[in-house]
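# Breakdown of the fold
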Amino acid sequence: MNPTSTPWHLASTTRDTVGECPVWHVATQALFWVDIEGQRIHRLDWASRQQASWSVPERVGCIAMSTRGTVIAAMESGIFELALTDAPTAQVTRLATVAHPQANMRFNDGRCDAQGRFWAGTMVQDMRLASPAGGIYCFDENGLRGPLLQGYITPNGMAFSPEGNTAYLSDSHPTRLKIWQHSFNGTDGSWGPQVEWVNMAEHPGRPDGAAVDADGCYWICGIDAGQLHQFSPQGELLQSIALPMSKPTKCAFGGPELRHLFVTSLQPAAPTQGFDASLDGALLVLEPGVQGLPEPLFSRFPVR
């Protein structure tokens, strides 16, 4: 399927080394996202289009907004709560520490389920090792639990269906290139068996971060190919959208009516022919013609 061209706008004033995990916060009408390698969190206020940034002490893999108005962040050594008051330094409180099975690991992709639990995957930072030491962890009122799922090299693409009974996961590593479905029980947070859903080796790009729209379609960034793919709930490729940068990393619906799609990106080691190097690491926004879902808030704080 040939990719289509959709109008886009530059939304960020900075260029991230590894931009990731855009999250739209309905209450403040703002988009939050991270620069993993830059150890920063950004906020874009929709009304003013003003961007603010905060530094944090570790690499941040993924974030979620909480019912307390704070940011929950999965970083290198654990789960943290961040108060984004006066920039440029966030107020950081450790909530949990992770016991990685080997050295040089960090959290990567993740998000909240509809019941307010925070789910996040881990990975060995040196992808050249192709180590399957990554796992999926849950953080809730019982603390940090896991790994509840194991064997991932670069876990990515986590998302939940509108009904909350299906969970999606992918592995971005070049030796994997799979997107899986799991049945999901929101009552107790249990995952069913892994079922291959989409083989991304058949489509342009490696599977990176994802979002689900109000119709249950799954949108995922095809990193390396500069494309955004929309799959039906049955796993059929509905469309591919061409982007101006080669390495889009994750997408998120936002804007006043959740009809805008924000896309983060990273800076490759060298410019990629056929793409606009000046946009590497930028945050873009486009209007794909569908509506998204509000991102759940983290609400399951452990009693301290």
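This text follows the structure it describes.
As a starting point, this report considers the structure included with it. All values reported here derive from a predicted model rather than from experimental measurement.

What follows deals with the pattern of salt bridges. Applying the stated criterion to the full structure yields 13 salt bridges. A salt bridge links glutamate 196 to lysine 178; the nearest nitrogen and oxygen atoms lie 3.5 Å apart. With glutamate 196 in strand 19 (residues 195-199) and lysine 178 in strand 17 (residues 178-185), this residue pair connects regions lying 18 residues apart in the sequence. What emerges from the salt-bridge pattern is a single network uniting Glu37, Arg59 and Glu76.

Taking strand neighbours across the sheet as the criterion, the four strands line up as 11-12-13-14 in an open arrangement whose pairing is antiparallel. Each having just a single partner strand, strand 11 (105-112) and strand 14 (143-152) make up the two edges of the open sheet. When strand polarity is set aside, the average angle formed by the axes of neighbouring strands in this sheet is 25 degrees. Sheet topology places strand 11 next to strand 12 (residues 118-124); six bridges connect them, and they run antiparallel. Its bridge partner being in strand 12, arginine 106 is matched across the sheet by methionine 123.

So, on to the side chain of histidine 173. Locating histidine 173 in the fold gives a position in the loop between strand 16 (166-171) and strand 17. There is a polar contact of 2.9 Å between the side chain of histidine 173 and the side chain of threonine 175. With sequence-adjacent residues up to four places away left out, histidine 173 is seen in contact with Met127, Ala130, Ile153 and Thr154.

Burial of strand 25 (residues 260-265) is extensive: six of the six residues sit out of reach of the surface. Residue alternation in strand 25 divides its side chains into two sets, His260, Phe262 and Thr264 and Leu261, Val263 and Ser265, and both sets are buried. Where strand 24 (residues 248-254) and strand 25 come together, six bridges link them in antiparallel fashion. Bridged to cysteine 251 within strand 25 is valine 263. From the end of strand 24 to the start of strand 25, which pair antiparallel, there are five residues, and glycine 255 there has a positive phi angle of about 85 degrees. Two strands pair when backbone bridges link them, and strand 25 and strand 26 (residues 284-286) are joined in this way by three bridges, in the antiparallel orientation.

Strand order in the open sheet formed by four strands is 7-8-9-10, with antiparallel pairing between adjacent strands. Unpaired on one side and paired on the other, strand 7 (62-65) and strand 10 (91-97) mark the two borders of the sheet. Here the average twist between neighbouring strands, direction ignored, is 25 degrees.

Structurally, the position occupied by leucine 238 is in strand 23 (residues 237-242). In the structure, leucine 238 is positioned 237 residues away from methionine 1 in sequence and 8.9 Å away in space, judged by C-alpha atoms.

Rules used throughout
Residues numbered from 1 in each chain as written. Predicted model: local features only at pLDDT ≥ 70, side-chain atom pairs only at ≥ 80, totals over all residues. Heavy atoms only, no water. Salt bridge = Lys/Arg side-chain N within 4 Å of Asp/Glu carboxyl O. Helix = DSSP H or I, 4+ residues; strand = E, 2+ residues; numbered from the N terminus. Pairing = 2+ DSSP bridges. Axes fitted to C-alpha atoms, helices over the stretch in contact; angles between N-to-C directions. Polar contact = N/O pair within 3.5 Å; in protein donor to acceptor, adjacent residues only side chain to side chain. Contact = heavy atoms within 4.5 Å. Buried < 20%, exposed > 50% of the residue type's maximum accessible area, 1.4 Å probe, protein only.

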